[in-house]
Amino acid sequence: APLAIVLPSNDVVPLLWDAGACLLIGAALGCRDVAALLSTRLAVLLGRISFPVYLVHFPILCSLGSWIYICAVGEWGNRLAIVAGVVATLAATLSVSLPLATFDRWWVRWVKVFVAELSTITVGLLRRLTQRVGSRLGTSESIPDLRRLR
């Protein structure tokens, strides 16, 4: 009965795929050879551009790739038009994804610095506030120094 709440159709196949994926990830994380393979320059580059590629590939495929195919199919035939569309899509996707990946790295660094500064300011304000409230209540308690917890 509890499974029917999560899976109304009682189809356990998606759960088996999910469990298999979790086991595969767990096995890969414990293997030094896999960790070494995923730490190569190519793997790191692919990891950095994977999200920008995900963002831009579909619009580029539907616009540029389709346009190239439509323009080329009459002149070159179906096979060459497909190849031209795929090559144009890949080239455009990579040429847009690489600058986006660079921007993403810069943006993540900036956000980390901003959040660190904001948290420092917030902790300082909270410490002053608790000291003021504590002095009015006759206690000297304040929030603990969070930097010591790191």
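Residues numbered from 1 in each chain as written. Predicted model: local features only at pLDDT ≥ 70, side-chain atom pairs only at ≥ 80, totals over all residues. Heavy atoms only, no water.

Looking only at helices and strands, the chain features five helices and zero strands. Starting at the N terminus, the α and β elements of the chain follow one another as α-α-α-α-α. When the 150 residues of the chain are sorted by exposure, 13% land in the buried category. Of the contacts formed within the chain by residues at least 6 apart in sequence, a portion of 44% connects residues at least 24 apart. (Helix = DSSP H or I, 4+ residues; strand = E, 2+ residues; numbered from the N terminus. Buried < 20%, exposed > 50% of the residue type's maximum accessible area, 1.4 Å probe, protein only. Contact = heavy atoms within 4.5 Å.)

Here helix 4 (residues 41–76) spans only 38 Å end to end across 36 residues, well under the 52 Å set by a 1.5 Å rise per residue. For helix 4, every residue scored as buried is listed here: Ile49, Pro52, Val56, Ile60, Gly65 and Ala72. At the C-terminal side of helix 4, Gly77 shows a positive phi close to 90 degrees. (Expected span 1.5 Å × (residues − 1).)

Per-residue confidence for the chain gives a mean pLDDT of 86; residues scoring 70 or more make up 83%. Mean pLDDT values for the elements of the chain range from 63 in helix 1 (residues 2–6) up to 95 in helix 4. (pLDDT = per-residue confidence, 0-100.)

Another aspect to go through is the packing of aromatic side chains. The description of two aromatic rings rests on the distance between their centres and on the angle between their planes. The final tally for this structure, using the stated rule, is six aromatic pairs. Plain terms: the ring middles of Phe103 and Trp106 are 5.7 Å apart, the flat faces sit at 35 degrees to each other, and that makes the pair tilted. Highlighted residues: Phe103 and Trp106, both in helix 5 (residues 78–137), separated by three residues, approximately one helical turn. Among the residues examined, Phe103 registers a relative accessible area of 45% and is labelled partly exposed. Connected via pairs of aromatic rings, a cluster forms that spans Phe103, Trp106, Trp107, Trp110 and Phe114. (Phe/Tyr/Trp six-rings, centres within 6.5 Å; stacked < 30°, edge-to-face > 60°.)

The next point concerns the side chain of Thr93. Note on placement: Thr93 falls in helix 5. Exposure remark for Thr93: the relative accessible area of 7% places this residue in the buried category. Residue contacts for Thr93: discarding those within four places in its chain leaves Val53, Val56, His57 and Ile60.

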